[in-house]
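# Understanding the architecture of this molecule
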Amino acid sequence: MSESKVQTIFGDKGILLTDWQVEQFEKYYELLIKWNTKINLTAITEYEDVIWKHFFDSASIMFHVKHLSDCETIRLLDLGTGAGFPGMVLAILFPNWRITLVDSLQKRIDFLKIVVRELGLEHVELYHGRAEDYGRDGQFREQFDYVVSRAVAELPMLLEYCVPFVKMNGFFVSYKGRRYAEEMEQSRNSLSELGCSVETVEPYSLGDGEERFLLFIRKNESTKEKYPRKPGKIKKQPL
């Protein structure tokens, strides 16, 4: 039997998938396209484009956390997950991790519930709501080893949304494009105020050569009680 496209693309990049993981990705694609006709999930629908621009892009963090792949204690939060990127992809790749996905739109959470059920992802939890509210909830605040976010907001805002969820010495990982350096410059005050520092910037590229970057931001101090601020305040007055 010939390899599927997802198996070939991931394999060429050094990510070896099990047969079950390949099946999960194929099913995920089918569900994404089916439900995209009912609710707005993605503008990218061509099979190979989805593999590169959603699946592989989401999976790129794997190259920098490989040593943790067999660790059962890792907790990861995907904030503003949308159609499940990167969180659902990471749930397929890291079946031993505890993964939480949060989104502000109930319809997207309803779609992800179907994905979780159809793909048998019992280690995934889904929540509908705002980051500003969950960030003050003791069940979520400073509880995660990694918080990830992709295509949600500019970095100064993202930091206030995401950092309150990160454990001390844990990481917020932001998926960014070519403007990452400009956003980092704009985030100097946010980083300082939230007790964080950029530890490393990891470049990678997609199939069409598009440049992408992972910003690994370490949390060095406990988040001040006043953060995150009330809904709307973060957008109107970024730190």
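Described in the following lines is the structure provided in the data block. Predicted, not measured: the structure shown is a model, and the values here were computed from it. (Residues numbered from 1 in each chain as written. Predicted model: local features only at pLDDT ≥ 70, side-chain atom pairs only at ≥ 80, totals over all residues. Heavy atoms only, no water.)

### Here we look at helix α2 (residues 19-36)
In this model, α2 (18 residues) spans 26 Å end to end at C-alpha, consistent with the 26 Å of a helix rising 1.5 Å per residue. For α2, the full list of buried residues reads Gln-21, Val-22, Gln-24, Phe-25, Tyr-28, Tyr-29, Leu-31, Leu-32 and Asn-36. In this structure, the buried residues of α2 make contact with α1 (5-12), α3 (47-59), α4 (87-93) and α5 (106-119). (Helix = DSSP H or I, 4+ residues; strand = E, 2+ residues; numbered from the N terminus. Expected span 1.5 Å × (residues − 1). Buried < 20%, exposed > 50% of the residue type's maximum accessible area, 1.4 Å probe, protein only. Contact = heavy atoms within 4.5 Å.)

### A few points about the pattern of salt bridges
Following the criterion strictly, the structure yields 19 salt bridges and no others. A salt bridge links Glu-48 to Lys-5; the nearest nitrogen and oxygen atoms lie 3.7 Å apart. Note that Glu-48 is positioned in helix α3 and Lys-5 in helix α1, a separation of 43 residues in sequence. Among the residues examined, Lys-5 registers a relative accessible area of 36% and is labelled partly exposed. Glu-160 serves as the salt-bridge partner of Arg-229, at 2.7 Å between the closest nitrogen and oxygen. With a gap of 69 residues between them, Arg-229 in the loop between β7 (211-219) and α10 (233-236) and Glu-160 in helix α7 (residues 155-162) connect regions that are remote in the sequence. The exposure classification of Arg-229 matches that of Glu-160, with both residues buried. (Salt bridge = Lys/Arg side-chain N within 4 Å of Asp/Glu carboxyl O.)

### Brief notes about the packing of aromatic side chains
Evaluated as defined, the whole model comprises 17 aromatic pairs. Aromatic side chains Phe-10 and Phe-56 sit 6.1 Å apart centroid to centroid with 85° between the ring planes, which places their arrangement in the edge-to-face category. Taken together, the residues Phe-10 in helix α1 and Phe-56 in helix α3 connect sequence positions 46 residues apart. Ring geometry for Tyr-127 and Phe-140: centres 5.0 Å apart, planes at 90°, overall edge-to-face. Of this pair, Tyr-127 sits in strand β3 (residues 124-128) while Phe-140 sits in the loop between α6 (131-134) and β4 (144-150), placing them 13 residues apart in sequence. An aromatic cluster is built from Phe-10, Phe-25, Tyr-28, Trp-52, Phe-55, Phe-56, Phe-63 and Phe-85, whose rings are joined through pairwise contacts. Residue placement shows Lys-38 over the ring face of Trp-35; its charged tip is 4.1 Å from the ring centre. Here Arg-75 stacks its cationic end above the ring of Phe-144, 4.5 Å away from the centre of that ring. (Phe/Tyr/Trp six-rings, centres within 6.5 Å; stacked < 30°, edge-to-face > 60°. Lys NZ or Arg CZ within 6 Å of the ring centre and 35° of its normal.)

### As for the packing of α2 against α3
At a minimum axis distance of 11 Å, the contact between α2 and α3 shows a crossing angle of 105°. On the basis of their axis angle, the class for α2 and α3 is roughly perpendicular. Judged by residue contacts, Phe-25, Glu-26, Tyr-28, Tyr-29 and Leu-32 of α2 engage Tyr-47, Val-50 and Phe-55 from α3. Partitioned by chemical class, the residues of the contact of α2 with α3 number 7 nonpolar, no polar and 1 charged. (Axes fitted to C-alpha atoms, helices over the stretch in contact; angles between N-to-C directions. Parallel < 35°, antiparallel > 145°, perpendicular 65-115°, else oblique. Nonpolar A, V, L, I, M, F, W, Y, C, P; charged D, E, K, R; others polar.)

### Focus on the sheet that holds β7
Taken together, 7 strands build an open sheet; the order of strands is β3-β2-β1-β4-β5-β7-β6 and the sheet is mixed. With partners counted over all chains shown, the strands left at the sheet margins are β3 and β6 (196-205), one partner each. Across this sheet, the average inter-strand angle for adjacent strands is 20°, counted without regard to direction. Here 9 bridges tie β6 to β7, and the two strands are oriented antiparallel to one another. (Pairing = 2+ DSSP bridges.)

### Focus on the pairing of β7
Burial within β7 is extensive, with 7 of its 9 residues counted as buried. Pairing geometry for strand β5 (residues 166-176) and β7, over 6 bridges, is antiparallel. Counterpart to Lys-176 in the pairing with β7 is Phe-213. Following β6, the chain reverses through 5 residues before pairing antiparallel with β7; Gly-209 in that reversal takes a positive phi of roughly 90°.

### What about the nonpolar core?
Core analysis: the largest hydrophobic core is formed by 55 residues, its most contacted members being Phe-10, Tyr-28, Phe-55, Leu-93 and Phe-111. If you tally residues by element for this core, the top one is α5, at 7 residues. Among residues more than four places away in sequence, those in contact with Phe-55 are Val-6, Phe-10, Phe-25, Tyr-28, Tyr-29, Val-50, Phe-85 and Val-89. (Core = buried A, V, L, I, M, F, W, Y, C linked by side-chain atoms within 4.5 Å.)

### Let's talk about the packing of α1 against α2
The geometry of a pair of packed helices is captured by two quantities: the angle between their axes and the separation between those axes. Between α1 and α2, whose axes approach to 9 Å, the crossing angle comes to 120°. Between α1 and α2, the angle is such that the two are oblique. In this structure, α1 crosses over α2, and the sense of that crossing is right-handed. Contacts from Val-6, Gln-7 and Phe-10 in α1 reach Asp-19, Val-22, Phe-25 and Glu-26 in α2. Tallied by class, residues from the contact of α1 with α2 come to 4 nonpolar, 1 polar and 2 charged. (Left-handed = near helix turned anticlockwise from the far one by under 90°.)

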